[in-house]
Amino acid sequence: MRLSISNFSSCFIVKTLLFFAGMSILYYGLVGCVPKDIYGTTQWQTNVLKAQGYAFSPKHYSIVMTGSSELYNVHIERVSRNAFNLCFSGRGSATGLDIILGREKKPSVILVEMNRTIAESTDVSLIEKTAFWHWLPWNRENTRPDYLLHSIRLGLSAYLKQKVHYVRRIDEKTNTDILQMAQESYSKALEKQELHNLRMGGLNAKRKIDALKNEGVRIFLVESPHDESLYNSPRDRQIRDVLTEIFPYNQYDWITVDWKDYVTRDGFHLCELSAEKFAGLLLRRIDSMESTSRELVVRESRN
């Protein structure tokens, strides 16, 4: 009697384990079939998806851009397959730089957003999401049921729009109410604490950037376009003075553009067509500056 109960218990446990193993294999098999969307259900989940997408990718990207939501929709990856946009909403360049520093193989070129968001410190909780144990399938953000359902809904919506020949309307207009608030804010100088945070953030970024430069990475500092009405305002001038003092033009490669050539939604975030235009310009500037550097090296070697 005891033997039969023992055999039954052992058999039940084995069948239960096999059942869960089979269901896990089926679930993660289905996960692989679901088209993944770059946006999650929340800003946090979207940031985690992007961080893990870069940190756990088997592909080596030669160009990576770090920054905030101001460059989030500047999709350099659509211009070059070897590029990756590692910008995070609500964060700054420091978080992306730390993720890159955590990888053994570094990109050849890094674009670093340089503006007021440099004051944002590294998001440690986001960095923790790129730790090794989150590489395991059951710990990945893109295997969560809520994200998969979200991706399926978006995929079906895109499919139905394609079937009815839906034409997406691209709005290249600035919200004047939000822009006015930005103009009022930028008409005033930074407060003492804000200025301190900006300087400390810049110096923190400088340590990371110099460490990457010492490993042979080419760094380009990117001044993201804002609304032209904000250019040379008291706050803009102050931010630029602090950042160029920490990163002098004669020691660091800067990419700057004429702000009047771009349209923003709110004074800071580029509209879609302007974002596409800026993505193309960034990669052309890199090619141009890289070519110039190679020519200088050749000339020096000949001399």
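Residues numbered from 1 in each chain as written. Predicted model: local features only at pLDDT ≥ 70, side-chain atom pairs only at ≥ 80, totals over all residues. Heavy atoms only, no water.

(A) Expanded view of the sheet that holds strand 4 (residues 218-222). Judged by pairing direction, the sheet is parallel, and its 5 strands sit side by side in the order 2-1-3-4-5 without closing on themselves. Two strands close off the open sheet at either side, each with one partner strand: strand 2 (83-87) and strand 5 (253-255). The sheet shows a mean angle of 25 degrees between the axes of neighbouring strands, taken without regard to direction. Where strand 4 lies against strand 5, 3 bridges are found, and the strand directions are parallel. Each bridged residue has a counterpart across the sheet, and for leucine 221 the counterpart in strand 5 is tryptophan 254. Of the strands in this sheet, strand 1 (63-67) and strand 2 are in contact with helix 2 (residues 43-55), which crosses strand 2 at around 140 degrees. (Pairing = 2+ DSSP bridges. Helix = DSSP H or I, 4+ residues; strand = E, 2+ residues; numbered from the N terminus. Axes fitted to C-alpha atoms, helices over the stretch in contact; angles between N-to-C directions. Contact = heavy atoms within 4.5 Å.)

(B) Local environment of the confidence of the model for the protein chain. The predicted model of the protein chain has a mean per-residue pLDDT of 83, with 76% of residues at 70 or higher. Segment residues 295-303 is flagged for pLDDT under 50; beyond a separation of four residues in sequence, or across chains, it makes 0 contacts in the model. (pLDDT = per-residue confidence, 0-100.)

(C) Fine view of unusual backbone geometry. One non-glycine residue, asparagine 232, lies in positive phi territory at about 65 degrees. Checked against the element boundaries, asparagine 232 lands in the loop between strand 4 and helix 8 (234-246).

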